[in-house]
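Here's the letter readout for the chains.
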Protein chains: 6
Amino acid sequence: MYFHRQELQHKATPDKPDAVYARKLQEVLGGQYGEITVALQYQFQAWNMHIPGKYRDLVFGIGAEEMGHVEMLAVMIAQLLEKSPLGITDEAVQNDPTVAAVIGGTDVQQGIVAGAGARPVDSNGNPWMGSYITSSGNLLADFQANANAEMQGRVQVARLYHMTDDHGVRDLLGFLLARDTMHQNQWLAAAAELQAEGVESLPVPSNFPIGKEERDVSYQYINFSDGAAASEGSWASGPTPDGLGEFSYHEAPEAGVPMPPPTHPDARFYGTTDVPNVVEKLAGRAQDALKKE
Amino acid sequence: MYFHRQELQHKATPDKPDAVYARKLQEVLGGQYGEITVALQYQFQAWNMHIPGKYRDLVFGIGAEEMGHVEMLAVMIAQLLEKSPLGITDEAVQNDPTVAAVIGGTDVQQGIVAGAGARPVDSNGNPWMGSYITSSGNLLADFQANANAEMQGRVQVARLYHMTDDHGVRDLLGFLLARDTMHQNQWLAAAAELQAEGVESLPVPSNFPIGKEERDVSYQYINFSDGAAASEGSWASGPTPDGLGEFSYHEAPEAGVPMPPPTHPDARFYGTTDVPNVVEKLAGRAQDALKKE
Amino acid sequence: MYFHRQELQHKATPDKPDAVYARKLQEVLGGQYGEITVALQYQFQAWNMHIPGKYRDLVFGIGAEEMGHVEMLAVMIAQLLEKSPLGITDEAVQNDPTVAAVIGGTDVQQGIVAGAGARPVDSNGNPWMGSYITSSGNLLADFQANANAEMQGRVQVARLYHMTDDHGVRDLLGFLLARDTMHQNQWLAAAAELQAEGVESLPVPSNFPIGKEERDVSYQYINFSDGAAASEGSWASGPTPDGLGEFSYHEAPEAGVPMPPPTHPDARFYGTTDVPNVVEKLAGRAQDALKKE
Amino acid sequence: MYFHRQELQHKATPDKPDAVYARKLQEVLGGQYGEITVALQYQFQAWNMHIPGKYRDLVFGIGAEEMGHVEMLAVMIAQLLEKSPLGITDEAVQNDPTVAAVIGGTDVQQGIVAGAGARPVDSNGNPWMGSYITSSGNLLADFQANANAEMQGRVQVARLYHMTDDHGVRDLLGFLLARDTMHQNQWLAAAAELQAEGVESLPVPSNFPIGKEERDVSYQYINFSDGAAASEGSWASGPTPDGLGEFSYHEAPEAGVPMPPPTHPDARFYGTTDVPNVVEKLAGRAQDALKKE
Amino acid sequence: MYFHRQELQHKATPDKPDAVYARKLQEVLGGQYGEITVALQYQFQAWNMHIPGKYRDLVFGIGAEEMGHVEMLAVMIAQLLEKSPLGITDEAVQNDPTVAAVIGGTDVQQGIVAGAGARPVDSNGNPWMGSYITSSGNLLADFQANANAEMQGRVQVARLYHMTDDHGVRDLLGFLLARDTMHQNQWLAAAAELQAEGVESLPVPSNFPIGKEERDVSYQYINFSDGAAASEGSWASGPTPDGLGEFSYHEAPEAGVPMPPPTHPDARFYGTTDVPNVVEKLAGRAQDALKKE
Amino acid sequence: MYFHRQELQHKATPDKPDAVYARKLQEVLGGQYGEITVALQYQFQAWNMHIPGKYRDLVFGIGAEEMGHVEMLAVMIAQLLEKSPLGITDEAVQNDPTVAAVIGGTDVQQGIVAGAGARPVDSNGNPWMGSYITSSGNLLADFQANANAEMQGRVQVARLYHMTDDHGVRDLLGFLLARDTMHQNQWLAAAAELQAEGVESLPVPSNFPIGKEERDVSYQYINFSDGAAASEGSWASGPTPDGLGEFSYHEAPEAGVPMPPPTHPDARFYGTTDVPNVVEKLAGRAQDALKKE
């Protein structure tokens, strides 16, 4: 069960209106790595989790916080839009290039559709999609996905920080950056703990029967481009992070295998096949035509 | 520039047809974490990268390999479909429940649209989308994203391994599992190297001015659910992975701040506002009507 | 702020596994009118609302409840999948038509992607999208949208009720049906209250200046098909629900106006225009070619 | 069958070009609540309807009209674009901030893709989607959906009215507003008639067996937020709109039920499960490795 | 303006119910090359066309016919579903593998969402999208697109023909095949006529200034794969279809040009750049931290 | 297998930064007819092809080239963005209308998400989708689709050519235009060769049994609009391009057939059916209620 309290976790009020920035903030609300993504990602992971205890409590505990982050951004966006020129004619958009310039950079649906409000979309207006979230049931994989989401998210918030001078907005972003710092660290700590406890290890999934994997190529760097510097990295020689092998470097793949012959599905899929068939086909078609008469 | 060689990196021929499995394989070809995703993700990272040398060579080197993985899966799928019942009537689907059952589990577009061929979609038929890829220009964030993709991908291939007894299919999956093992290890090694060389460090992005972040909450675990076990994890006390702080545990957030007052955008957005206004509005409407007469 | 409690609002445990049903239930979790839609729709309406008080409290109060409905369905789906055949080979799918038939009807991504868990998608595997929600800032329009969502949702739950005999599932659906009954009634009551208080009235938006609308056609039923029975309805004569007019019936539209002449954009868009131009164009092309030599 | 007549229902010619506005108009052509939505929604409802007569004639009669509204908007958009600066270099965009500002607000695909023409997308360029329409076969639910669509649509047209001074555009919008007034009224009248005739009633669907619904909670307002004013509404006490009960107010949910234990799917989904298993798993993995040698 | 007549262009009644086939038919109703696509494609081409007369009349004339084809398919689908088992429990799905098998192959949203009706989606349940249509304003390009759509469409209908024995369905498909034959021929004839009249010619667009194209490579077949047989085709030597050149064959591209140096955007995008910078960055970060204290 | 070489096929460096143009170029990189589309379309056609030899070599040979075109555009876009104002505050956007105007026209995700890099999206930010590609297995249909893609693509590149004065950009576009000229010609030549060799002919698919098509309407132009000029075209009289018939012109369709009666699915789908049923339904509902007590 979820409960709402009519308070915000942190102040979310801009100093002044800025419709262009209201559009940009949509990225961290409803984008691929926005707050809706992490909120629902953590909750789905919790609902699908196979063990009770600290890991599940962790995911539940943060998932609800992220819903509150969605809320702060939505409330901030509504205020950024409140007094902004959004295209209403008396705002004299057509005549004043400065205002027109502002209009050009806005999300017009925030005005036309939401009446000067936030929307569940990214900064280009693409609707948030369920396919943004990751929840596989394998905790090491999923915590890696969570760390990834928090990293990409923090990079985006950091960029947005430099796209405004508004103290109110920067104050909120400073808070979100700090929480992203926490969550990055937290997921990396949790991933490390899973391994320290032997719950999961590398490679993910760690308990796939090793004999069924083609181990010969499990630690080979095979170069399919012509940049030789890739051989200088720690991924081209030395021990592997999973502790189970040694990297080796291969300038190119071994000789490949021939392609299998082309398929010949049922003729009634009308794919193009060998020429000889065609004569028969046309003959058949002619006969058909004759029969019809 | 890209060059194609009419060979496969590994044998990709099934022992027998299996249209239901051909549908399932689409997940690792065209799904969120399928081979199209990693192929294009690595290439976009290469095209957008800001430094030459080993990291860019690495990303280019693997990107092209993944294109060849897309190819092996597509060729495998075409063969799995070649002799399968796909709904053509002489296949007697309607009468034989066994065959009908098979049909029920197929991707009907593989037949109707592709003529018994592979498609750029996932196992539920959703088209592959550009929003699946991650390329931020920040290499530590992006290599984390790559490790994530390889982990989720390997989990999926492992599951698919157990969904067939076909030796030809399992042979290919065993090869792909091994390459995923390599790539997981490789991205983790590369991420470690970035940090060892001081190119990037945690938290990502590591050079955001620390004074602009609200550091007080940068290492606080704040619990928004009621599972107390989250306090037992390494994310609730002790040093943080970024080496810059100490985790602390907080059972609940501090008192929040009041919500800002509701916004009042321009009346011509026709959002609902306070009741007093309404009287005026209706008066105005009446006047309008009178004027018109 | 949102808080989570590790309890469910209602029991959500099936009597037995049923993977086919687990797929069907996705519709009311992640479909156009599923619980994610209403949860986020009500919350966005709250964040964008322009008046404090009972209407905003109402929207906040229900929004959080719906998050808990998402949770119950996700937890139910995970249990329906827990012991189900999902394609793992020892489950002998290939040999047993009954089992194969079951497999045919499952959401294969629940197995391959989520490891036997719920996903943010509908019953055909389409990801949930932000474009499913409605939040315009006009409360009468939005409460109508909410009543619509609860009606469509209740119709779907009612259909799903008849697609299972499982007592545990039916018990949960019986609860959801009752809550949908409540919410339908509630939004209709709220819409009526808005009108009774004079906050908003019909037509929505009610305070658009009446003189700017082409009132002549505001209450005309104009028939563009050839079914004459449409003239028998209350929408073809008598007073209109907004209390501002009288319906009238028109068998067909009045004579239309001629189409404006086709547009002629800049020639460098290379749209096809009149023939005479072409001669010049080709001449120009020839000259170009000559110049080049 | 559908027939086209080369006339428009109403004049659709702007006074002057305006590419920024041409983008905005796309919302009511190809957006969630644009004319394509209602045109196809009404037609699908007609094709799926289960009773002949006035209701079906009504839906067919309006569906074809809405196709003509799509046409008027498309024709209007093409004219707004005809003489507008759309980025062609001689238009001196780069040098003149006024023109550049205009360009900033345009839909660049209207130029690059459509050659200065209308497109089946919304004002942010998202393609129209089949998931925007509602057609359930339950007429009371569907007419409610139709009234909702006409309300949201009219709100958007009203906002757009204030975003231009162009008399030609306003003339068309004034006509569309009037038709939306009609259609709002019409669907509400039709919904009332369904109930008056006893064809359908509240709650939708009205003939679901009442004994199967958990009636105890069918009329309870349960507050999941902390705004107490929700208790003051007509949805918290008094008779319910469906005439079958009395609303009651509950400050919070009753005690919930414990979450069911986490699921344990087949181990070959490689979800993370209890720690004890892991020891075995790793042992198994080691044995596997040994066997392989 | 569009007008509807309550008749079908051709009989559209199946002999017997078939829910699996009802799903398959969705492809040619709401798929990439289904009837909604051609209906809207032709109408958008008409609305955006720049010349009056026979070409525009042609596009208008066929566009409205295609709307009627959508209708026939929708009506057919509703009838195929009418008496089919769609998962309602008394249909004994769970016990009878034959019935279960059927259920497995159905579009479950046709039941749950549409109440046994047609939907604007393809045979995998993907919603129809505005991005399926093509309308560029260049008639030769667009008529080529139309011929393409009619060819892909006819291939799909032909495949579907063999997936049923139902005489009623086959009767309708036989009609649609014939209309696709007509429309293929028609668009090819119209494309030829454009060229014969000199309105447009190859290459499209034909009036782009020839001197601005890098003519050296305009007719070179450059092989980027290692299949030598491509040199045997008419595209590797001899005159070109546009009549302006001679094909030539090149086994591989000429030496390419070096990649430009990697970009260095503003540091505040936090992309990873050269190592030397990092030292400064970290120094800056330390200073920041000091300042804060 | 695919191999990458760290060279470009053609120079791809702009003279100066231009963020607005960087957005526009996304269309031909990641749009419906952009380079990702043709690259993957040709490769899927190759993987699904049913005959070895020149046609398959052709498709493989071009498919890899197109991957290199994606690369050139991505590299160009990154450079166009490198020194552009992208919203960072020191760039003084808010104060200078000229700069603000530029910002208005940019793809803000290129900055916020990609850190001044290219993305797999179109010029309005819509992600590339797998549903853009066409691969049916029928070569005549598919080569027609390929010619279509190259035509639409060349039209778009031609338009983009006129939207910049940058010599570096124009130089690249001049090269792409020439390659599109080649590929248009090539696919038309290949389509002609298929027919000349008798492998496929018109109508596509050419070997569908002619007796199963309703031949009476295979060459009839039937006018569903009221523009009479359509009768003047070569599609209204004379021999058909497939050489199998004669076009004829029909001013309107023959009398249609009556619509089949509305469907009556199982009552438990709760669709609205005839009124008489309702009395029973309500009676049943009352009884239900009584039973419950």
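Predicted model, so just to flag it, every value in this text is computed and none were measured. (Residues numbered from 1 in each chain as written. Chains lettered and ligands numbered in written order. Predicted model: local features only at pLDDT ≥ 70, side-chain atom pairs only at ≥ 80, totals over all residues.)

Draft legend 1. Geometry of the overall build of chain A. Secondary structure summary: chain A contains eight helices and six strands in total. Ordering the α and β elements of chain A from the N terminus gives β-β-α-α-α-α-α-α-α-β-β-β-β-α. For chain A, with 293 residues in total, the buried portion stands at 70%. Taking the contacts inside chain A whose residues are at least 6 apart along the sequence as the reference set, 71% of them involve residues at least 24 apart. (Helix = DSSP H or I, 4+ residues; strand = E, 2+ residues; numbered from the N terminus. Buried ≥ 20, exposed ≤ 12 C-beta atoms within 10 Å, placed from the backbone. Contact = placed C-beta atoms within 7 Å.)

Draft legend 2. Just the relation of the copies chain A and chain B, in detail. Overlaying chain A with chain B gives an RMSD of 0.0 Å, the required rotation being 180° about an axis along which the chain moves by 0.0 Å. Taken together, the turn and the small shift mark the pair as related by a two-fold rotation axis. Interface residue correspondence from chain A to chain B reaches 100%, placing this contact among same-surface, isologous pairings. (Least-squares fit on C-alpha atoms with pLDDT ≥ 70 in both.)

Draft legend 3. Fine view of the relation of the copies chain F and chain C. Overlaying chain F on chain C yields an RMSD of 0.0 Å, the required transformation being a rotation through 180° with an accompanying axial translation of 0.0 Å. In this assembly, 100% of the residues forming the interface of chain F have copies in chain C that are likewise at the interface, indicating an isologous arrangement.

Draft legend 4. Structural view of the interface of chain F and chain C. With seven residues of chain F at the contact, the number on the chain C side is seven residues. Grouping the amino acids of the side of chain F that touches chain C by side-chain chemistry returns four nonpolar, one polar and two charged. (Nonpolar A, V, L, I, M, F, W, Y, C, P; charged D, E, K, R; others polar.)

Draft legend 5. Inspection of the sheet that holds strand E5 (residues 246-250) of chain C at higher detail. All names here are of chain C. Overall, mixed pairing links the three strands, which are arranged E3-E5-E4 in an open sheet. What marks the edges here is a single partner per strand, and that holds for strand E3 (220-222) and strand E4 (238-239). Pairing geometry for E3 and E5, over three bridges, is parallel. Bridge pairing in E5 links Gln 220 to Ser 248. (Pairing = 2+ DSSP bridges.)

Draft legend 6. Region of interest: the UniProt feature "binding site: Mn(2+) 1" (unreviewed entry) in chain A. All names here are of chain A. Within this structure's numbering, the places UniProt gives as "binding site: Mn(2+) 1" (unreviewed entry) are Glu 35, His 69, Glu 150 and His 183. The named residues occupy 149 residues along the chain; their greatest pairwise C-alpha distance, 13.1 Å, places them in one compact cluster. Mapping Glu 35 onto the fold places it in helix H2 (residues 35-47). Contact partners of Glu 35, with chain neighbours within four places excluded, come to Val 28, Leu 29, Glu 66, His 69, Val 70 and Leu 73. By secondary structure assignment, the location of His 69 is in helix H3 (residues 54-82). His 69 has contacts with Glu 35 and Leu 176, leaving out every residue within four places of it along the chain. (UniProt positions renumbered as here; feature names shortened; annotations may be inferred.)

Draft legend 7. Structural detail: the UniProt feature "binding site: Mn(2+) 2" (unreviewed entry) in chain A. Residue and element names in this part refer to chain A. Feature annotation in UniProt assigns "binding site: Mn(2+) 2" (unreviewed entry) to the following positions: Glu 66. Its place among the elements puts Glu 66 in helix H3. Residue Glu 66 is classed as buried on the basis of its C-beta count, with 23 C-beta atoms lying within 10 Å.

Draft legend 8. Region of the structure containing the domain arrangement of chain A. In terms of domains, chain A is made up of domain 1 (19-196) and domain 2 (210-250). In this structure, domain 1 of chain A and domain 2 of chain A have C-alpha centres spaced 37 Å apart. (Domains from an automatic or database assignment.)

Draft legend 9. Here's a closer look at unusual backbone geometry. In this structure, Pro 203 of chain A follows Leu 202 of chain A across a cis peptide bond, with omega equal to -10°. Along the polypeptide, Pro 203 of chain A turns up in the loop between helix H7 (167-196) and strand E3 (220-222).

Draft legend 10. Quick look at the interface of chain A and chain B. Counting residues at the interface gives 101 residues for chain A, matched by 102 residues for chain B. Of all the elements in the fold, those that place two or more residues in the side of chain A that touches chain B are strand E2 (7-8), H3, helix H6 (139-161), H7, E3 and strand E6 (257-258) of chain A. Looking at the side of chain A that touches chain B, the element that brings in the most residues is H7 of chain A, giving 14 residues. Considered class by class, the residues forming the side of chain A that touches chain B number 48 nonpolar, 34 polar and 19 charged.

Draft legend 11. Geometry of the environment of Ala 39 of chain C. Residues and elements named next belong to chain C. For Ala 39, the location among the structural elements is in helix H2 (residues 35-47). Judged by the 24 C-beta atoms lying within 10 Å of it, Ala 39 is buried. The residues contacting Ala 39, other than those within four sequence positions of it, are Gly 63, Glu 66, Met 67 and Val 70.

Draft legend 12. Here's a closer look at the nonpolar core. Core analysis: the biggest nonpolar cluster contains 576 residues, and Ile 77 of chain A, Ile 77 of chain B, Ile 77 of chain C, Ile 77 of chain D, Ile 77 of chain E together with Ile 77 of chain F have the highest contact counts within it. Ignoring anything within four residues of it in the chain, the contact list for Ile 77 of chain B reads Ala 22, Leu 25, Gln 26, Leu 29 and Ala 118 of chain B. (Core = buried A, V, L, I, M, F, W, Y, C linked by C-beta atoms within 7 Å.)

Draft legend 13. Representation of the packing of helix H1 (residues 19-30) of chain D against helix H6 (residues 139-161) of chain D within the structure. All names here are of chain D. Axis separation between H1 and H6 bottoms out at 10 Å; the angle between their running directions is 165°. As far as their axial angle goes, H6 and H1 are roughly antiparallel. Relative to H6, H1 is oriented so that their crossing is left-handed. Facing H1, whose interface residues are Lys 24, Leu 25, Glu 27 and Val 28, H6 presents Gly 153, Gln 156, Val 157 and Leu 160. Its residues assigned to classes, the contact of H1 with H6 shows four nonpolar, two polar and two charged. (Axes fitted to C-alpha atoms, helices over the stretch in contact; angles between N-to-C directions. Parallel < 35°, antiparallel > 145°, perpendicular 65-115°, else oblique. Left-handed = near helix turned anticlockwise from the far one by under 90°.)

Draft legend 14. Structural detail: the sheet that holds strand E4 (residues 238-239) of chain B. Strand order in the open sheet formed by three strands is E3-E5-E4 (chain B), with mixed pairing between adjacent strands. Of all strands in the sheet, those with a lone pairing partner are strand E3 (220-222) and E4 of chain B, marking the two edges.

Draft legend 15. Looking closely at the confidence of the model for chain A. Across chain A, the average pLDDT comes to 92, with 89% of residues at 70 or higher. Model confidence for the complex is summarised by a pTM of 0.95, with the ipTM given as 0.92. (pLDDT = per-residue confidence, 0-100.)

Draft legend 16. Geometry of the environment of Val 70 of chain A. Residue and element names in this part refer to chain A. By the element assignment, Val 70 lies in helix H3. The buried category is assigned to Val 70, around which 26 C-beta atoms lie within 10 Å. Once the C-alpha coordinates of Val 70 and Ile 36 are considered, the two residues, 34 residues apart in sequence, prove to be 6.2 Å apart. Among residues more than four places away in sequence, those in contact with Val 70 are Leu 29, Glu 35, Ile 36 and Ala 39.

Draft legend 17. Expanded view of helix H1 (residues 19-30) of chain C. All names here are of chain C. Helix length check: H1 (twelve residues) gives 17 Å between terminal C-alpha atoms against 16 Å at 1.5 Å per residue, within 8%. With twelve of twelve residues buried, H1 is to be regarded as a mostly interior element. Those residues of H1 lying buried are Ala 19, Val 20, Tyr 21, Ala 22, Arg 23, Lys 24, Leu 25, Gln 26, Glu 27, Val 28, Leu 29 and Gly 30. (Expected span 1.5 Å × (residues − 1).)

Draft legend 18. Highlighting the pairing of strand E5 (residues 246-250) of chain A. All names here are of chain A. In this sheet, E5 lies alongside strand E4 (residues 238-239) in antiparallel orientation, the contact comprising two bridges. Bridged to Pro 239 within E5 is Glu 246. Connecting E4 to the next strand, E5, in antiparallel fashion are six residues, including Gly 243 with a positive phi near 70°.

Draft legend 19. How the structure looks around the packing of helix H6 (residues 139-161) of chain B against helix H7 (residues 167-196) of chain B. All names here are of chain B. Between H6 and H7, whose axes approach to 9 Å, the crossing angle comes to 160°. It follows that H6 is roughly antiparallel to H7 by the angle criterion. Judged by the twist between their axes, the crossing of H6 over H7 is left-handed. Looking at the contact of H6 with H7 residue by residue, the classes come out as 17 nonpolar, six polar and four charged.

Draft legend 20. Quick peek at the environment of Phe 3 of chain D. Within the secondary structure, Phe 3 of chain D is located in strand E1 (residues 2-4). Look at Phe 3 of chain D and you get buried, because 22 C-beta atoms sit within 10 Å. Taking the C-alpha atoms as reference points, Phe 3 of chain D and Gln 186 of chain D, 183 residues apart in sequence, are found 24 Å from one another. Setting aside residues up to four positions removed in sequence, Phe 3 of chain D forms contacts with Phe 3, Arg 5 and Ala 64 of chain E together with Phe 224 of chain F.

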